[in-house]
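An overview of the molecular structure
These are the residues of each chain, in order.
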Amino acid sequence: PSEEYENLRRRVFSNTKEIWYFINHELTKLKKGDIKIEKLTDILEQVEHRKSFILSDQQKLQELDGYQDWRQQEAANVSDLVQKRLKYLQNPSNCRDARKVICNLNKGCGFGCQLHHIVYCLIFAYATERTLILNSKGWRYNTKGWEYVFYPISESCLTAYDDKVIQWPANYDPKVVSLPFIDSISQKPKFLPLAIPTDLAHRIVRFNGDPSSWWIGQMLKYVLKPKPAMQKAINETIAKMHFMRPIVGVHIRRTDKVGTEAAFHSIDEYMVHVKQYYDQLELTQHVDVRRVYLASDDANVLGDARSKYPDYEFLGDPSIAKTAATHRRYTPVSLTGLLVDLHMLAMSDYIVCTFSSQVGRVAYEMMQTNRVDASDSFYSLDDIYYFGGQNAHNRRAIMNHTPRSNQEIAFQAGDLIGVAGNHWNGFGRGTNKRTNMNGLIPWYKTADHLVLYPFPEYKHANE
Ligand code: GDP
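These numbers come from a predicted model, not from an experiment. (Residues numbered from 1 in each chain as written. Predicted model: local features only at pLDDT ≥ 70, side-chain atom pairs only at ≥ 80, totals over all residues. Heavy atoms only, no water.)

Moving on to helix α7 (residues 228-239). Look at α7: 16 Å from first C-alpha to last across twelve residues, which is about the 16 Å you get at 1.5 Å a residue. Among the residues of α7, those classed as buried are Met230, Ile234, Thr237 and Ile238. Each buried residue of α7 sits inside an arc of 100° when the element is viewed along its axis, so together they form one side. Turned more than 90 degrees away from the buried face of α7, the exposed residues are Pro228, Ala229, Lys232 and Ala239. For α7, the elements touching its buried residues are α10 (318-325) and α11 (332-347). (Helix = DSSP H or I, 4+ residues; strand = E, 2+ residues; numbered from the N terminus. Expected span 1.5 Å × (residues − 1). Buried < 20%, exposed > 50% of the residue type's maximum accessible area, 1.4 Å probe, protein only. Arc of directions from axis to C-beta. Contact = heavy atoms within 4.5 Å.)

Before going further, it helps to spend a moment on the pattern of salt bridges. Overall, the coordinates contain 27 salt bridges when judged by the stated rule. The partner of Asp268 in a salt bridge is Lys308, and the shortest N-O contact between them spans 3.6 Å. In this pair, Asp268 sits in helix α8 (residues 267-281) while Lys308 sits in helix α9 (residues 301-308), placing the two residues 40 residues apart along the sequence. Overall, the relative accessible area of 32% leaves Asp268 in the partly exposed class. Residue Glu457 pairs with Lys459 through a salt bridge whose shortest N-O separation is 2.5 Å. The exposure class assigned to Glu457 is partly exposed, which follows from its relative accessible area of 37%. Assessed through its relative accessible area of 62%, Lys459 is described here as exposed. Via salt bridges that share partners, Glu26, Lys29, Lys39 and Asp42 belong to a single interconnected network. (Salt bridge = Lys/Arg side-chain N within 4 Å of Asp/Glu carboxyl O.)

In this section: the site of the ligand. Residues in contact with the ligand amount to 21 residues; listed here are only the nearest, Gly112, Arg253, Lys257, Asp341 and Ser357. Gly112 is positioned with one of its backbone polar atoms (N or O) 2.7 Å from an oxygen atom of the ligand. Measuring from an oxygen atom of the ligand, one finds a backbone N or O atom of Cys113 at 3.5 Å. Computed on the free molecule, the ligand has an accessible area of 560 Å², of which 96% lies beneath the protein chains in the complex. (Near = heavy atom within 4 Å. Polar contact = N/O pair within 3.5 Å; in protein donor to acceptor, adjacent residues only side chain to side chain. Areas by Shrake-Rupley, 256 points an atom, 1.4 Å probe, with all protein chains shown as cover.)

Turning next to the packing of helix α1 (residues 3-31) against helix α2 (residues 39-64). For the pair α1 and α2, the least separation of the axes is 9 Å and the interaxial angle reads 165°. Judged by the inter-axis angle, α1 sits roughly antiparallel to α2. Two packed elements cross with a definite hand, and for α1 against α2 that hand is left-handed. Looking at the contact of α1 with α2 residue by residue, the class counts come to 14 nonpolar, four polar and ten charged. (Axes fitted to C-alpha atoms, helices over the stretch in contact; angles between N-to-C directions. Parallel < 35°, antiparallel > 145°, perpendicular 65-115°, else oblique. Left-handed = near helix turned anticlockwise from the far one by under 90°. Nonpolar A, V, L, I, M, F, W, Y, C, P; charged D, E, K, R; others polar.)

A surface patch of nonpolar side chains, amounting to about 320 Å² of accessible area, comprises Ile398, Met399 and Tyr444. By the secondary structure assignment, Ile398 is in the loop between β11 (394-397) and β12 (416-422). (Patch = residues over 30% accessible without salt bridge, like charges linked within 9 Å, V, L, I, M, F, W, Y side chains within 5 Å.)

The next thing to look at is the nonpolar core. Ranked by size, the top nonpolar core spans 84 residues in total, and within it Phe111, Trp139, Trp146, Phe150, Trp215, Tyr293 and Leu335 carry the most contacts. Broken down by element, this core gets its largest block of residues, twelve residues, from helix α4 (residues 111-128). (Core = buried A, V, L, I, M, F, W, Y, C linked by side-chain atoms within 4.5 Å.)

What follows is about the state of the cysteines. Disulfide: a covalent bond formed between the sulfur atoms of two cysteine residues. Taken as a whole and assessed by the stated rule, the structure comprises three disulfides. Covalently, Cys103 is tied to Cys121 through a disulfide, its sulfur atoms 1.8 Å apart. Across the disulfide from Cys103 to Cys121, rotation about the S-S bond amounts to roughly -80°, and the bridge is consequently left-handed. One end of the pair, Cys103, is in strand β1 (residues 100-104); the other, Cys121, is in helix α4, with 18 residues separating them in the sequence. The class of Cys103 is buried, set by a relative accessible area of 0%. Relative accessible area serves as the criterion here: at 0%, Cys121 is assigned to the buried category. Through a disulfide, Cys109 is tied to Cys113; the S-S separation comes to 2.0 Å. Disulfide Cys109-Cys113: the torsion about the S-S bond is -80°, which places it as left-handed. Note on Cys113: relative accessible area 12%, which makes it buried. A disulfide-free cysteine, Cys353 has its sulfur positioned 17 Å from the sulfur of Cys113, the nearest such atom. A relative accessible area of 0% means that Cys353 is categorised as buried. (Disulfide = S-S within 2.5 Å.)

Our focus in this paragraph is the side chain of Thr446. Following the sequence through the fold, Thr446 ends up in strand β15 (residues 446-448). A polar contact is formed between the side chain of Thr446 and the backbone oxygen of Trp443, at a distance of 2.8 Å. Ignoring anything within four residues of it in the chain, the contact list for Thr446 reads Arg395, Arg396, Ala397, Ile398, Phe411, Ile417 and Ile441.

A few words on the pairing of strand β9 (residues 350-353). Here β9 shows two buried faces, one formed by Tyr350 and Val352 and the other by Ile351 and Cys353. Bridge count for strand β6 (residues 247-252) against β9 is three bridges, and the pairing is parallel. For Val248, the partnering residue across the bridge sits in β9 and is Tyr350. Sheet topology places β9 next to strand β10 (residues 378-380); three bridges connect them, and they run parallel. Residue pairing across strands places Cys353 opposite Ser380, the latter belonging to β10. Taken together, β9, helix α12 (residues 358-370) and β10 form a β-α-β motif whose crossover is right-handed. (Pairing = 2+ DSSP bridges. Right-handed = clockwise from strand over helix to strand, strands pointing away.)

Limitation: the analysis is restricted to geometry and does not speak to function.
This is how it looks when you write it as structure tokens:
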């Protein structure tokens, strides 16, 4: 390792101790009544600055460890491999004889939700070596169908001919099956998210911190290829926006979602994290303009943000949000706007959003395909990352824990804990699978448990 790397590594170690010396000293003074409560804001600011400095150094460690080019190349190689396999699966040499799975794009929900429906179908297809046939006539975003907006998901195999279609699951293995919505499967196959293929897992974990969303992003990359007319419309809107780096993407989901599936969050709650991002960035580089790309289905958000935060430059198109907010939500026009928003969010350096929204999660999944590792480049105000209808998401205890209050649960190193969410206060909520106890868990004593599934390896895909 270089001298610069070693010095930086020692500095991170030493500054981690320093942050403890500082907190210990200040809190002890507070305990003795030596400091006034008004001083707390100042202490918090100092702790935040120290934390940002350590995180910033740690990011630099990754750039200086000598493996960055390797990670970049490996990410591109594994992505190419997955794309090649999908292309092979979707273009069988004999379409008539090929086993197939049929999915209908008639799910009565928004575009993010429909994209995830296709992802689920494509993962099913990949796991069972069946070519995916997408039925999209009468699609709510374009009645002529998916193929009118995006390139078809196969060049040579788009129909099951007149073969008998059997609803999955069946008590035998038919040639052509059609899939129910993921929400209504009672016995979920183990290959559904957040599982990733065993044969790729040990490659993906070496360049990406969140392999499950990377894998889902690869499915999106395969299906989301706008046709020239749509691409032109997207490009023209984007060209008007003066997109420049650095930029933070903010997604604010309002209208029908608030009060039904998610809580209301004010612009201030998002901007706290935008500010933190830029404060940290300014430790290592000069930032001319604090740019924010603002995507929303609430037409008032952009004006609100601009008047409240004059020190920031907000990019965005109020007409996109307006179209999204009105009853014309599911139209070709609203689709163009949403694709612009998703593209811009995914191109941003950092995203602040709510993962309760499928639009927010799609933006993050797309971001995972735009760079080597986006797993540290977002902040969700509510949920941790998930895939709707996924199998149990567990964390593995990495050390023992004895509860310090009756809200916490006990666990031993090695226990599997089904997680419901992170409270972003150092604790999450979960159920210990060994004891069946549910309660708070100190997040740092657990690590994400990645599920591997032996998907087919598509050895012929390279030929
Ligand atoms: P969810 O309801 O947020 O989980 O995501 P869905 O994709 O299922 O439905 C939300 C729909 O609202 C989207 O498909 C869009 O039509 C619209 N929408 C939500 N957020 C945005 C946004 O930021 N920009 C645009 N253009 N549309 C949005």
